[in-house]
Amino acid sequence: MSNPQIQNALATVNRLIPLVEEAECHFKSARNWSFLDVLGGGLFTDLMKYHKLNKASDSMNEINYLMQELSRELGSIEIPNDYRMQLGGFLTFADFFFDGIFVDAYMASKIMNSLDEFQKLKSRLYLLKSKLEQM
């Protein structure tokens, strides 16, 4: 890779890291609301949980775009580039309408999985940043 390619990739990584941290923060907040929901929250808890998930989704759209850009900049280096949390209309409907422990627990597990994926992505981005800075 030439020096301009390295600089472009590094600039993209530097734009990605704060977005991933922002999404991670929203997922942590949604996780907390989800735990409260499992313990017997209600409509307000569901609304706050989905508000945080929507904020995370906004960040994820930009992250996906930048991950595709980073993939092009790095060429042959393979990186994952789709970090969308698939909630689906029925799952959201079920969480509000059936608002029971099983649906709430399932949502909590989906949120925890997404949070785990973003934490892994953040670690990989910091590692990539370090390697690009050494080039």
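Undergrad: Explanation requested: the overall build of the protein in the structure shown.
TA: Scanning the protein for helices and strands turns up 4 helices and 0 strands. Along the protein, from the amino end to the carboxyl end, the secondary structure elements read α-α-α-α. Taken across its 135 residues, the protein has 39% of its residues classed as buried. The contacts in the protein between residues at least 6 apart in sequence include a share of 78% that link residues at least 24 apart. For the protein, the exposed area adds up to about 7,600 Å²; of that, 56% sits on carbon and sulfur atoms.

Undergrad: What should I look at first to understand the confidence of the model for the protein in this one?
TA: Low pLDDT means the predicted atomic positions in that stretch should not be read closely. Chain-level pLDDT for the protein is 79 on average; 79% of the residues reach the 70-or-more range. Per-element confidence in the protein ranges from a low mean pLDDT of 45 for helix α3 (residues 89-97) to a high of 90 for helix α1 (residues 3-38). Every residue in residues 81-91 scores below 50 in pLDDT, and together they form 29 contacts with partners more than four places removed in sequence or on other chains. Across residues 93-98 the pLDDT falls below 50, and counting only partners more than four positions away or on other chains, this stretch makes 16 contacts in the model.

Undergrad: Hey, could you run me through the packing of aromatic side chains in this one?
TA: The geometry of an aromatic ring pair is captured by the separation of the ring centres together with the interplanar angle, meaning the angle of the planes. This model, assessed by the stated rule, comprises 2 aromatic pairs. With a centroid separation of 5.7 Å and an interplanar angle of 80°, the aromatic rings of W33 and F44 are classed as edge-to-face. Taken together, the residues W33 in helix α1 and F44 in helix α2 (residues 43-74) connect sequence positions 11 residues apart. Note on W33: relative accessible area 21%, which makes it partly exposed. What makes F44 exposed here is its relative accessible area of 54%.

Undergrad: How should the packing of α1 against α2 be read in this particular structure?
TA: When two helices pack together, their arrangement is given by the angle between the helix axes and the distance between those axes. Taken N-terminus to C-terminus, the directions of α1 and α2 make an angle of 160°; their axes are 8 Å apart at the nearest point. When the axes of α1 and α2 are compared, the pair comes out roughly antiparallel. The two elements α1 and α2 cross, and the hand of that crossing is left-handed. In the contact of α1 with α2, the residues fall into 20 nonpolar, 8 polar and 10 charged.

Undergrad: So what exactly am I meant to see when it comes to the environment of S130 here?
TA: Within the fold, S130 resides in helix α4 (residues 101-134). Taking the C-alpha atoms as reference, S130 lies 9.2 Å from L10; in sequence the two are 120 residues apart.

Quick notes on the rules
Residues numbered from 1 in each chain as written. Predicted model: local features only at pLDDT ≥ 70, side-chain atom pairs only at ≥ 80, totals over all residues. Heavy atoms only, no water. Helix = DSSP H or I, 4+ residues; strand = E, 2+ residues; numbered from the N terminus. Buried < 20%, exposed > 50% of the residue type's maximum accessible area, 1.4 Å probe, protein only. Contact = heavy atoms within 4.5 Å. Areas by Shrake-Rupley, 256 points an atom, 1.4 Å probe, with all protein chains shown as cover. pLDDT = per-residue confidence, 0-100. Phe/Tyr/Trp six-rings, centres within 6.5 Å; stacked < 30°, edge-to-face > 60°. Axes fitted to C-alpha atoms, helices over the stretch in contact; angles between N-to-C directions. Parallel < 35°, antiparallel > 145°, perpendicular 65-115°, else oblique. Left-handed = near helix turned anticlockwise from the far one by under 90°. Nonpolar A, V, L, I, M, F, W, Y, C, P; charged D, E, K, R; others polar.

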